[in-house]
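Descriptive analysis of the structure
This is what each chain is made of:
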Amino acid sequence: VLLRGGGRANKQPLATKHATAVPCGVYCFIAMLAALVDLLQVMAENHVMLSVINMLSQATVLLAVAFSRTLLKTTYNAWHYAGVALVVVGASLGVMGARGEMGRSWHHGGALFLLMGLSLSAPRALSLCWMERVCKMTDLPLTELGLWVSAFRLVFCVLLAPAYSV
């Protein structure tokens, strides 16, 4: 109903025919993954330095390649894999260097929140693969897909707001 214009008087659709061709559940699934990433990031930021979380988020590249290879049957050449390896090595060196700066927090649960920061990459990479899949299956422009996912993401973030205070 939302995407088709609902009960508006002029009956103009809120979205194009391409956007309405995508089931609402797909938008919700992608938005739910994105909202989960937001929640995990806020929780991890309370215990791990933001610079470390940003370096850990580079694992999204590795997982996006793995998911797209598995789910979308995307093929990559040696240069793609070399780029992924370079990102992983760079992020790993950055995290190892920051571990010394974390000091006592590393021993008081820092490692657990480091894993939480790393776990941000899985839902983020999966949502990216789903967005690519939707764009390939329909003629929906990526910008319009992003608009609808963002709208649903906002709804999920509002619903998850009590969890942000944890």
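Structure: above.
I will try to describe carefully the structure that is included in this document. (Residues numbered from 1 in each chain as written. Predicted model: local features only at pLDDT ≥ 70, side-chain atom pairs only at ≥ 80, totals over all residues. Heavy atoms only, no water.)

If you walk through the whole model with that rule in mind, you get two salt bridges. Among the salt bridges present, the one from Asp38 reaches Arg153, with a minimum N-O distance of 2.7 Å. Taken together, the positions of Asp38 in helix α2 (residues 24-45) and Arg153 in helix α8 (residues 142-159) put the pair 115 residues apart, joining distant regions of the chain. Given the relative accessible area of 31%, Arg153 is considered partly exposed. Salt-bridge contacts for Glu132 lead to Lys136; the nearest nitrogen and oxygen are separated by 3.2 Å. On the criterion of helical spacing, the pair formed by Glu132 and Lys136 is a turn pair, its members being four residues apart in helix α7 (residues 121-137). Classification of Glu132 as partly exposed rests on a relative accessible area of 30%. (Salt bridge = Lys/Arg side-chain N within 4 Å of Asp/Glu carboxyl O. Helix = DSSP H or I, 4+ residues; strand = E, 2+ residues; numbered from the N terminus. Buried < 20%, exposed > 50% of the residue type's maximum accessible area, 1.4 Å probe, protein only.)

With that settled, the discussion passes to the packing of aromatic side chains. Tallied over the full model, the rule gives three aromatic pairs. On the basis of an interplanar angle of 10 degrees and a centroid distance of 6.1 Å, the ring pair of Tyr27 and Phe152 is categorised as stacked. Highlighted residues: Tyr27 in helix α2 and Phe152 in helix α8, separated in sequence by 125 residues. Of the two residues, Tyr27 and Phe152, neither departs from the other in class, the shared state being buried. (Phe/Tyr/Trp six-rings, centres within 6.5 Å; stacked < 30°, edge-to-face > 60°.)

Below, the discussion takes up the environment of Ser51. One can find Ser51 in helix α3 (residues 50-56). A sequence separation of 44 residues divides Ser51 from Val95, and the C-alpha atoms of the two residues are 8.6 Å apart.

Okay, unusual backbone geometry next. A positive phi is found at Lys73, a non-glycine position, where the angle reads about 60 degrees. According to the relative accessible area criterion, Lys73 is exposed, its value standing at 63%.

Next up on the list: the layout of surface pockets. Taken as a whole, the largest pocket encloses approximately 160 Å³ of empty space. As for the largest pocket, its lining consists of Ile30, Ala34, Val37, Arg124, Ser127, Leu128, Met131, Gly146, Val149, Ser150 and Arg153. Of all elements in the fold, only α2, α7 and α8 reach the threshold of two or more residues within the lining of the largest pocket. Residue composition of the lining of the largest pocket, grouped by class: six nonpolar, three polar and two charged. (1 Å grid on protein atoms, 1.4 Å probe; cavity = no way out; pocket = protein on both sides within 12 Å on 5 of 7 lines; lining within 4 Å. Points joined across faces, edges and corners; volume = space filled by probe spheres on them. Nonpolar A, V, L, I, M, F, W, Y, C, P; charged D, E, K, R; others polar.)

Nothing here speaks to function; it is geometry throughout.
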